[in-house]
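# Descriptive structure summary
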Amino acid sequence: MYTPPDQGQYRVESLSPDYFLMLPQEAVRYSPFPDDLPHNAIWDFGCGPGDTMCAALCGELSAAVSVRLYRYMPDTGGLRFCFDGGPVTLTSPRMIPPSKIHTSIHPTHEGKVIMTTHTAARSQVHSHWMISFHFSDYLYAIDPATLKGERTGRFVPEEYSPALPSALKGMAFDGDGTLWYAVMWPSASRGEHTHLHRWDILRGVRPECLGMLGAPGRVTSCIGEMLMDRRDVLHIADTNHGGDPPGILAVDTRRLAELQGCARPQALDPVPYIAYPDGRTLYPEEGFKERAARYLCFVKETEEENRFITEQASTSVRADSASALRLWERLPRGEAAARALRWEESGDLALWCGGPGICRRLTIRNRTIIDIAEGDERIPSPEAAPEAIRSARLPWRQGRQHRARASCWLKWKKSQWLIGTEDGLLARFDEDTGKTFALGAVGLHGPVHQLTADLDCACAYGVSGDPNGLGHVFSYDDANGLREIGRTRLFPPDDYASSSAGPTAVALSPDGRTLAVGTADDLACLYLYENPWRV
């Protein structure tokens, strides 16, 4: 059920009285995009030769739109439409649109501007956006002289590094070496708001909070990009303001210094106030309820969308409880990849990690790594398949008979075996009858890596997928059949920012309660799931 905005939020009694004061507006110019546009975000804002600036007007979540590129005029604040990514990419209504250009705009030496797209928007004919993120695999270019957009070719994306703290949203140095940056105050998907800070960090001066960013009627919720021009004017792309179209701020930092100590206006935008149960009592004018209505409606829609995704479209392994041990924090890069798992008679969990020519044995007790030592564990390979299963005629996908080879195996009930294939299929083989029963596909892009089961063979688990890309966990039992149960990733309150793409090792505790999954990407983790949900 929807929680009204006066429940479970932060209170503001302890905040400074000037918390809702804006920057002096004599130093600020705001250029909003038209209010009738469905676009709601900017996540790229780039500067080329001669202070040529371009901003990508994007769509997120339920905004089923394609990205638009605009030329921004820093001298006047004018916005000039360049091109729409939909027609350029021939997007149909049933396709997920290229809704973003995401931190990738870059000028080339010959004067063109190159970029890539990224999307977090649903297709026009679907009611929900159910995938966490999607990156384009094409480069795009625009010639500023002709404003003609083109698709230039395919690229292979690099892996992503951990992000900066979420509260910091943009940094830039002025000509004197003073650092300017924005701090966003998160508020559980409602009423986010950002303050501008100045820090003469090279001279050891304490940082200063100068006030809320934006205009009194439209506070900046979040920063997409921040650029400093040669006149020490900050050009700031704001974004994610309650579903509204974004805009671009110009803050004259030199003028701001001259206005220090002058009177500042209080925010009239209801968005920063709805984050707090007593915020409406601090609102300086009448009509708060009417002005806040559209944003409270957006909050409700967002929470309903999140609830739908959590309950009806979750891609994460769900369990009674879950946690993650970050292997990449304990082992050098290239040595944290999980290779094998085994529960010892003592109740400890043994994990073998490593890369080519390197092997480490980790001992885990009570969800804590208690020892890291040199180790060796021979992982079965297809060439070492038991004699009993070599006659099995394994299933294949059409045209891929050459991938019908065993990648892993597990002794099942009586004379039966479970066999995973290099093509991501699972089969049950009976060595007495010689017959193979195809159970189905458990991965579209890679092999079944490992299988595990409880002592009674009542339930089996496995991991599959591209070892360098997306993979997932699955389960099988004779009563419920083959089930995909999700990806290895955790979010608060379970564990902050643990997300891995390539699960490669799996082991089930002897009592059948705890499932351990090890991953092999650059953010390698050991995930521990208590009573994972299979159905």
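Residues numbered from 1 in each chain as written. Predicted model: local features only at pLDDT ≥ 70, side-chain atom pairs only at ≥ 80, totals over all residues. Heavy atoms only, no water.

## Points about the overall build of the protein
- Across its full length, the protein carries five helices and 38 strands.
- Burial statistics for the protein: of 535 residues in total, 50% are counted as buried.
- Residue pairs in contact within the protein that sit at least 24 positions apart in sequence constitute 53% of those at least 6 positions apart. (Helix = DSSP H or I, 4+ residues; strand = E, 2+ residues; numbered from the N terminus. Buried < 20%, exposed > 50% of the residue type's maximum accessible area, 1.4 Å probe, protein only. Contact = heavy atoms within 4.5 Å.)

## Some thoughts on the pairing of strand β33 (residues 481-486)
- As paired strands, strand β32 (residues 471-477) and β33 are joined by five bridges and run antiparallel to one another. In the strand pairing of β33, Ser-475 is matched with Arg-483.
- Count of turn residues in the β32/β33 antiparallel hairpin: three residues. (Pairing = 2+ DSSP bridges.)

## Concerning unusual backbone geometry
- You will see that Asp-232, though not glycine, has its phi angle at about 65 degrees, which is positive.
- Residue placement: Asp-232 occurs in the loop between β18 (222-228) and β19 (233-239).
- A residue is classified by how much of its surface remains accessible, and Asp-232, at 8% relative accessible area, is buried.
- A positive phi angle is found at Cys-457, which is not glycine, with a value near 55 degrees.
- Considering the arrangement of structural elements, one finds Cys-457 in the loop between β30 (448-453) and β31 (460-465).

## Thoughts on the packing of aromatic side chains
- Inspection of the entire model under this criterion finds 10 aromatic pairs.
- For the ring pair Phe-33 and Tyr-70, a centre distance of 4.9 Å and an interplane angle of 75 degrees mean the geometry is edge-to-face. One end of the pair, Phe-33, is in the loop between β1 (28-32) and β2 (41-48); the other, Tyr-70, is in strand β5 (residues 68-72), with 37 residues separating them in the sequence. Comparing Phe-33 with Tyr-70, the two get one shared label, buried. (Phe/Tyr/Trp six-rings, centres within 6.5 Å; stacked < 30°, edge-to-face > 60°.)

## Quick look at the sheet that holds strand β6 (residues 79-84)
- The antiparallel open sheet is built from four strands, whose spatial order is β2-β3-β5-β6. The sheet terminates laterally at β2 and β6, the two strands that pair on one side only. Ignoring strand direction, the axes of neighbouring strands in this sheet form an average angle of 25 degrees.
- As judged from the six bridges shared by β2 and strand β3 (residues 52-58), these two strands associate in the antiparallel manner. Pairing of Gly-46 across the sheet is with Cys-54, part of β3. (Axes fitted to C-alpha atoms, helices over the stretch in contact; angles between N-to-C directions.)

## Examining the sheet that holds strand β27 (residues 416-421)
- Pairing is antiparallel in the open sheet, where four strands are placed in the order β26-β27-β28-β29. For this open sheet the edge positions go to β26 (406-411) and β29 (435-441), each flanked by a neighbour on one side alone. Averaged over all pairs of adjacent strands, the angle between their axes in this sheet comes to 25 degrees, without regard to strand direction.
- Two strands pair when backbone bridges link them, and strand β28 (residues 425-430) and β29 are joined in this way by six bridges, in the antiparallel orientation. By the bridge assignment, Phe-429 is partnered in β29 with Thr-436.

## Overview of the pairing of β32
- For β32, the tally of buried residues reaches seven of seven residues, placing the bulk of the element in the interior.
- Residues Gly-471, Val-473, Ser-475 and Asp-477 of β32 are buried on one face, and the alternating residues His-472, Phe-474 and Tyr-476, pointing to the opposite face, are buried as well.
- Bridging between β31 and β32 involves six bridges; their strand directions are antiparallel. Along β32, the bridge assignment pairs Tyr-461 with Ser-475.
- With antiparallel pairing between neighbouring strands as the criterion, β31 and β32 make up a hairpin whose turn holds five residues.

## Quick look at a nonpolar patch on the surface
- Together, Phe-173, Ile-201 and Leu-202 line one region of the surface with nonpolar side chains, adding up to about 310 Å² of accessible area.
- For Leu-202, the position within the fold is in the loop between β14 (193-199) and β15 (208-212). (Patch = residues over 30% accessible without salt bridge, like charges linked within 9 Å, V, L, I, M, F, W, Y side chains within 5 Å. Areas by Shrake-Rupley, 256 points an atom, 1.4 Å probe, with all protein chains shown as cover. Salt bridge = Lys/Arg side-chain N within 4 Å of Asp/Glu carboxyl O.)

## Structural notes on the pattern of salt bridges
- In the structure shown here, the tally under the stated rule is 28 salt bridges.
- Of the charged contacts in the structure, one is a salt bridge between Arg-231 and Asp-75, with a shortest N-O distance of 3.3 Å. Note that Arg-231 is positioned in the loop between β18 and β19 and Asp-75 in the loop between β5 and β6, a separation of 156 residues in sequence.
- Relative accessible area serves as the criterion here: at 37%, Arg-231 is assigned to the partly exposed category.
- A salt bridge links Arg-367 to Glu-530; the nearest nitrogen and oxygen atoms lie 3.0 Å apart. Of the two residues, Arg-367 is situated in the loop between β24 (360-365) and β25 (368-374) and Glu-530 in strand β38 (residues 525-532); the sequence distance between them amounts to 163 residues.
- What makes Arg-367 partly exposed here is its relative accessible area of 31%.

## Structural notes on the confidence of the model for the protein
- Considering every residue of the protein, the mean pLDDT works out to 83; 84% of them sit at 70 or more.
- No element of the protein has a lower mean pLDDT than strand β8 (residues 106-107), which averages 58, and none a higher one than β28, which averages 97.
- Confidence drops under pLDDT 50 across residues 1-14; counting only partners more than four residues distant or on other chains, this segment forms 30 contacts.
- Predicted confidence is poor over residues 154-166, with pLDDT under 50, and the contacts of this stretch with residues over four places away or in other chains come to 12 contacts. (pLDDT = per-residue confidence, 0-100.)

## Things to note about the state of the cysteines
- Inspection of every chain in the model, using the stated rule, returns zero disulfides.
- Free of any disulfide, Cys-54 has its nearest neighbouring cysteine sulfur in Cys-82, separated by 5.3 Å.
- Given the relative accessible area of 7%, Cys-54 is considered buried.
- Looking at the unpaired Cys-359, the closest cysteine sulfur is the one in Cys-353, lying at 8.2 Å. (Disulfide = S-S within 2.5 Å.)

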